[in-house]
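The chain contents come next:
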Amino acid sequence: MRNLHQRYDDFEAVRGIAFQVGRGELYALLGTNGAGKTTTLDVLEGYHAPTEGQVRVLGHDPFAQRAEVRQRMGIVLQEAGFYKDLTVAETVNGWRRWTPRPLERGQVLERVGLAHRADVRVGQLSGGEKRRLDLALAVLGRPEVLFLDEPTTGLDPEARRNVWELIRGMVAEGTTVLLTTHYLDEAQQLADRLAIMHMGRIVTEGTLADVLGGRGTRIVFRLPAVRPSDLPFDLGLGRPRITLDGEAYTVETHDPQGDLRRLLVRAHERGWELDGLEVRRPSLEEIFLEVAETEKVAA
Amino acid sequence: MSWFSMAWAQARLNHTVLMRMRGLAFSVLFLPLFLAVMNTSAVRVPVNGVPAAVFGAVGALAVVFPFTYMTITSSIVVRREERIYKRLRGSALPTSAIFAGDVLHAALIGAVQGVVILVFAMAAARAPLPQNIPLMLVAFVLGAAVFAALAIGTAGLIPNYEVAQIVALPVLFGSLVGAGMMFPLSALPDWAQRVAELMPLTPIVTMIRTAYLGRDFGQDAAPEVGFLEGFQVSAVGLGIGLLWIGIGLWSTRKYFRWDPRRA
Ligand SMILES: Nc1ncnc2c1ncn2[C@@H]1O[C@H](COP(=O)(O)OP(=O)(O)OP(=O)(O)O)[C@@H](O)[C@H]1O
Ligand SMILES: [Mg+2]
């Protein structure tokens, strides 16, 4: 995909992005609401012709040469309806009838964990169960390329893990997967490479390590009535960066183990209570903000 | 997998879904039969020597087409608004098979109903055997095509399922009253007659009567016509039908949308 632009009337939802996904690779698109992920997938899935730029899926133009790729793609849309009055089994049967070489119904429902709901009307399914049915229909035709738009949104933690397993299985069988998500941990679990989109542009791209590259781990806690200078950290160049928001401290560090130990020891000595102590990777939002800032500085 | 088997699969699923929508299924499946029976006794006096009941019953065959319209518009609107179309278009189905499945489904229902009405016409109204069966088939295919094209062409202008139901009513009543089904158009004032002759169902009704009864009902006197003559006198009707198909296709290009969001 090269230099993709997608305009809706006079609003440009995607403003010149490019990436390539190799066969059997899992590529994740992350981004805030309205970043343009779904729009990008819509174009790749052949729903629209790109306003500008060039798109190839399996070597074909997915819009103009839809017939070439139709039966080789599986799609989980962010938002799509079902026939509410059909049961799960009837829905899968219906889809199987126009899918070449479909998986067995039992097998596919088993894979997404819906076998026990086969005779329930789709309208009665919970949100997460519908999401699994989405997935069942997408993998039914043994696709070579799978597009998944937020496949785990609305799933409980166990179901999310099951979906991850399913996706890993597909990738192991050689399926190429393009996935969007709001969760950095999902990308970390699954993706070979990822891109982060913001306002229609890719702001950073690469392996997770590349993307996190240089960004430290965060130690977060609340500590009333303590000044930053009382903390056990050296405040020099290359040292942890400390930000204070009211009573909430965020310490960004490249030596989380050492800094955490120093912090706990100091807290023990002085009898501090570290409220809501948490150690974590930077969140997507933090990465966006930082990228946006660096861009501003660079400009 | 062949294109036809995909279209067929789509038609089949359409039918399963229709059967679950009880209210719509009832109207679409039984109302035409009911109206056809009513229509048989609606005509009071013999027309050009054709007994009233026969004239009514044969014309009543055309009642299935406004229902074709209703079946197709409702299912298009429901699937668009519930974003089922988006899912279908992302499946292995070609777009043409989606349309073809819709049309095939509605046309098959119409065909079965047509046969039932035909049998009724012969049994209850003592209509003779149809004279020109190929012309009847042409009339049927034309009717299905005209109303399918109009259905797909107008679906883009119908915002939701409720409106689809309401829009179907004037189409139905207009067809019943203005197409010469319930009474011969010659009963209308002259100007209304001219207008009615251009309506989409009128040429179909006339063609069916001509084919069935072997007389040219395009003329007031309804002279008898032979087999080939039957086709000749139906040419104008065919032209009007094709014109409506053209209008339907044009409107499809202009107004059809897959997505509930107005672009
Ligand atoms: N059909 C449309 N017409 C007009 N604007 C649209 C249309 N579809 C999307 N947009 C706009 O394009 C922008 C990008 O939307 P998109 O759905 O691609 O975002 P996204 O990254 O998938 O967001 P989310 O995480 O919320 O799913 C949004 O601002 C949205 O309002
Ligand atoms: Mg989206």
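Each chain carries its own residue numbering, running from 1 in the written order of its sequence. Following the order in which they are written, the chains are lettered starting with A and the ligands numbered starting with 1. Given that the model is predicted, a residue must reach a pLDDT of at least 70 before its local features are reported, and side-chain atom pairs must reach 80 or more before they are shown or counted; all residues, however, enter totals for whole chains, interfaces and linings. To get the side-chain values, take all heavy atoms of the structure and skip hydrogens and water.

What follows deals with the overall build of chain A. Runs of H or I in DSSP of at least four residues are treated as helices and runs of E of at least two as strands, each being numbered from the N terminus. Within chain A, the regular secondary structure consists of ten helices and 13 strands. By the convention used here, residues are in contact when the closest approach between their heavy atoms is within 4.5 Å. Counting contacts in chain A only where the partners sit at least 6 residues apart, residues at least 24 apart contribute 68% of the total. Of the accessible surface of chain A, which amounts to about 14,400 Å², a share of 46% is contributed by carbon and sulfur atoms. Neither His nor the chain termini are counted; the positive set is Lys and Arg, and the negative set is Asp and Glu. A charged residue contributes its charge at one atom only: NZ of Lys, CZ of Arg, CG of Asp or CD of Glu. Chain A carries 39 positive and 45 negative side-chain charges, and their two centres are separated by 3 Å. With residues, only the protein chains shown are counted as cover, and all accessible areas are computed by Shrake-Rupley using a 1.4 Å probe.

Attention now moves to helix 9 (residues 190-197) of chain B. Residues and elements named next belong to chain B. Classification of residues uses two cut-offs on accessible area relative to the type maximum, computed with a 1.4 Å probe and protein chains only: under 20% is buried, over 50% is exposed, and between them is partly exposed. Restricting attention to buried positions, one finds in helix 9 the residues Ala-192, Gln-193 and Ala-196. Take helix 9 and look down its axis: the buried residues cluster within an arc of 105°, on one side only. What points out from helix 9, more than 90 degrees from its buried face, is the exposed set Asp-190 and Trp-191. Taking the helix axis as origin, the arc is that swept by the directions to the C-beta atoms.

What follows covers the interface of chain A and chain B. With 26 residues of chain A in contact, the opposing surface of chain B contributes 25 residues. Buried surface at the junction of chain A and chain B, summed over both partners, amounts to about 2,700 Å²; 56% is from carbon and sulfur atoms. By the criterion of area lost to chain B, the three top residues of chain A are A:Tyr83, A:Arg97 and A:Trp98, representing 31% of everything that side buries. One speaks of a salt bridge when a side-chain nitrogen belonging to Lys or Arg is within 4 Å of a carboxyl oxygen belonging to Asp or Glu. Our enumeration of links across chain A and chain B arrives at five salt bridges. We note a salt bridge from A:Glu79 to B:Arg83, for which the minimum N-O separation is 3.8 Å. N or O atoms closer than or at 3.5 Å make up a polar contact, with two conditions inside protein: a donor-capable atom paired with an acceptor-capable one, and, for residues adjacent in sequence, both atoms drawn from side chains. Our enumeration of links across chain A and chain B arrives at 14 residue pairs in polar contact (both at pLDDT 80 or more). Looking at the side of chain A that touches chain B, the elements that each hand over two or more residues are helix 3 (88-97) and helix 5 (127-139) of chain A. Counting residues per element, the side of chain A that touches chain B draws most heavily on helix 3 of chain A, which supplies four residues. Gly is put with the polar residues, along with every residue not named as nonpolar or charged; the nonpolar set is Ala, Val, Leu, Ile, Met, Phe, Trp, Tyr, Cys and Pro, and the charged set is Asp, Glu, Lys and Arg. Taken together, the residues of the side of chain A that touches chain B sort by class into eleven nonpolar, four polar and eleven charged. Once two parts are brought into contact, the accessible area they lose, counted with a 1.4 Å probe and summed over both, makes up the buried area.

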